[in-house]
Amino acid sequence: MRNAGMSRYASRRFLFRPMILGIETSCDETAASVASNEGVVLSDIVRSQADHARYGGVVPELAGRRHIEVIDEVVREALSRARIEVEDLTGVAVTAGPGLVGALLVGLAYGKAVAYARKIPLVPVNHLDGHMSAAQLCPDPVTPPFVALIASGGHTNLYAVRAWESCELLGRTLDDAAGEAFDKAAKMLGLAYPGGPIIDRLARHGNSDRVKLPRPYPSREDLNFSFSGLKTSLLYHLRDLKAAGAAPVLEDVAAAFEKAIVTVLVEKTLAAAKRTGIRDVVVTGGVAANSLLRSLFKLCGPQAGVKVHIPSLHYCTDNAAMIAVAGARLARAGQSAGLDCEPRPGWSLGEA
Ligand code: KG4
Ligand code: ZN
């Protein structure tokens, strides 16, 4: 046993490769990952903060405090799972935005400390670039050009990614993000936070035809989304039921709400592929963990002549592997920042 351990250690030293540490603390997940410079993930630790559930949403001050409590432990675990020491790192990639400023600050400060102590480059990563970079972590990895749908708790964006450094925002939500709509609907139904996965599970046992909800189209011509009207329709539906002394069938409501959101996400993404002539589509962000969304894309993509790439569930929701992989790519392109770099809570991507 001892020999095996020693030879592993020796071979690690012998086969030394550049290694980058990825850190993600933009919202309520504290995550750290180690990836090789070529983007091979060696470890990937995510610590979700359960504390927010009882408040029905993320409490920014609480998120920042929890990140401070666990970040060191999470980073150490990522290094140990990757079987490397902090001395082996050749770069640190950290989410610098968009996100909650107090949460971003924790990851950034930790990343700066490692970069300073080890004299290695600090690479700030845009969280949306991270989600997009999960394209490289799909079972069938893909590089640009591709169309990307990022649907999460904070964003619903459609991009034409013609090259890694050239992405164009084709459409976005005009109000609530898709994940936010799921979470708000769940709250109305008395379900816990985050509501997306709960609605997903309930919907599997429901019949969407039993509840009439409108399809959320702000316009059929452009590639923007709008989900706040759907949320209001659900509110009226529940109010009418209550007035009639009836209770909602949660499974049916969940199925109808999910179908309304997922249908428009699939239709507009495939329309974006058609409009741009790009044949590969990447679907990512927390909402890409939705089972109906995944199966509908797999069904409709090939019918539209499009290859759809969806990361595994773990790489759809917030994680640090996507940040490490994006950071490795940026580092290869020579990008890094000084230790005076600040969090960018409103950092946009691909906007004109
Ligand atoms: O990407 P993510 O982990 O964090 C943000 O950057 O926002 O996305 C979280 C969002 C939440 O709104 C959550 O309810 C939603 O993704 N979500 C889902 C599912 N899993 C997570 N929505 C629908 N179905 C799911 N299975
Ligand atoms: Zn995210």
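Definitions and limits used
- Residues numbered from 1 in each chain as written.
- Chains lettered and ligands numbered in written order.
- Predicted model: local features only at pLDDT ≥ 70, side-chain atom pairs only at ≥ 80, totals over all residues.
- Heavy atoms only, no water.
- Donors = N, O, S within 2.8 Å, 3.2 Å for Na, K, Ca; no water.
- Tetrahedral: all angles 85-135°; square planar, octahedral: opposite > 155°, others 65-115°.
- Helix = DSSP H or I, 4+ residues; strand = E, 2+ residues; numbered from the N terminus.
- Buried < 20%, exposed > 50% of the residue type's maximum accessible area, 1.4 Å probe, protein only.
- Contact = heavy atoms within 4.5 Å.
- Core = buried A, V, L, I, M, F, W, Y, C linked by side-chain atoms within 4.5 Å.
- pLDDT = per-residue confidence, 0-100.
- Near = heavy atom within 4 Å.
- Polar contact = N/O pair within 3.5 Å; in protein donor to acceptor, adjacent residues only side chain to side chain.
- Areas by Shrake-Rupley, 256 points an atom, 1.4 Å probe, with all protein chains shown as cover.
- Nonpolar A, V, L, I, M, F, W, Y, C, P; charged D, E, K, R; others polar.
- Domains from an automatic or database assignment.
- Pairing = 2+ DSSP bridges.
- Axes fitted to C-alpha atoms, helices over the stretch in contact; angles between N-to-C directions.

Time to look at the coordination of the zinc ion (ligand 2). Here the zinc ion (ligand 2) is held by His127 (NE2), His131 (NE2) and Asp318 (OD), and the distances to it run 2.0 to 2.1 Å. Each of the 4 donor atoms around the zinc ion (ligand 2) contributes to a set of angles spanning 94 to 146°, which defines the coordination as irregular. If you list the donors of the zinc ion (ligand 2) from N- to C-terminus, the spacing comes out as H-x3-H-x186-D. Placement of the pair is His131 in helix H4 (residues 127-133) and Asp318 in the loop between helix H10 (313-316) and helix H11 (321-332), with a sequence separation of 187 residues. Neither residue differs from the other here; His131 and Asp318 are each classed as buried.

It is worth spelling out the environment of Phe257 at this point. Relative to the elements of secondary structure, Phe257 occurs in helix H8 (residues 250-276). Phe257 sits in the buried class, given a relative accessible area of 1%. In this structure, the C-alpha to C-alpha distance between Phe257 and Gly285, residues 28 residues apart in sequence, is 19 Å. Once residues within four sequence positions are removed from consideration, Phe257 is found in contact with Ala181, Phe182, Ala185, Leu213, Leu230, Lys231 and Leu234.

Another aspect to go through is the nonpolar core. If you look at the biggest cluster of nonpolar residues, it comprises 51 residues, and the most contacted ones within it are Phe257, Ile261, Leu265, Val283 and Phe297. Breaking this core down by element, the ones donating at least two residues are strand S6 (146-151), strand S7 (156-163), helix H5 (178-188), helix H6 (195-203), helix H7 (228-243), H8, strand S9 (280-284) and helix H9 (291-303). In terms of residue count, the dominant contributor to this core is H8 (14 residues). Counting residues in each nonpolar core, the second largest holds 25 residues, with Leu21, Val70, Ile71 and Val114 among its members.

It is worth spelling out the confidence of the model for the protein at this point. Model confidence for the protein is summarised by a mean pLDDT of 93, while 95% of its residues fall at 70 or above. Per-residue pLDDT stays below 50 along residues 1-11; that stretch engages in 1 contact with residues further than four places along the chain or on separate chains.

Residues Gly97 and Pro98 are joined by a peptide bond in cis, for which omega reads -10°. Cis geometry marks the peptide bond from Pro144 to Pro145; its omega dihedral reads 10°. Turning to its location among the elements, Pro145 is positioned in the loop between H4 and S6. Its identity as a non-glycine residue notwithstanding, Arg83 has a phi of 60°, on the positive side. For Arg83, the position within the fold is in the loop between helix H2 (60-81) and strand S4 (89-97). Phi angles above zero are rare outside glycine, and Lys119 is one such case at about 55°. Relative to the helices and strands, Lys119 is located in the loop between helix H3 (101-118) and strand S5 (122-126). For Lys119, a relative accessible area of 76% gives the class exposed.

Not every one of the 19 residues close to ligand 1 is listed here, only the nearest: Gly153, Asp183, Asp200, Gly286 and Asp318. A distance of 3.3 Å separates an oxygen atom of ligand 1 from a polar atom in the side chain of His127. At 3.0 Å from an oxygen atom of ligand 1 is found a main-chain nitrogen or oxygen belonging to Asp318. Protein coverage of the free-state accessible area of ligand 1, which is 560 Å², stands at 88%. Counting residues per element, the ones that place at least two in the shell around ligand 1 are H4, H5 and H6. Of the residues contributing to the shell around ligand 1, the split by class is 5 nonpolar, 11 polar and 3 charged. Taken domain by domain, the shell around ligand 1 gets at least three of its residues from each of domain 1 (10-132 + 317-332) and domain 2 (140-310).

Quick look at the environment of Ser348 now. Tracing the sequence through the fold places Ser348 in the segment after H11. Given the relative accessible area of 34%, Ser348 is considered partly exposed. Placed 177 residues apart in sequence, Ser348 and Gly171 show a C-alpha to C-alpha distance of 13 Å.

Taken in spatial order, the 5 strands make up an open sheet running S3-S2-S1-S4-S5, and their pairing is mixed. Where the open sheet ends on each side, the last strands, each with one partner, are strand S3 (41-48) and S5. Neighbour-to-neighbour, the strand axes of the sheet open up by a mean angle of 20°, direction not taken into account. Relative to S5, S4 runs parallel, the two sharing 5 bridges. By the bridge assignment for S5, Val92 is matched with Leu122. Where H2 meets the sheet, its contacts fall on strand S1 (19-24), strand S2 (29-36), S3 and S4, and the angle it forms with S2 comes to roughly 25°. Where H11 meets the sheet, its contacts fall on S1, S2, S3, S4 and S5, and the angle it forms with S5 comes to roughly 120°.

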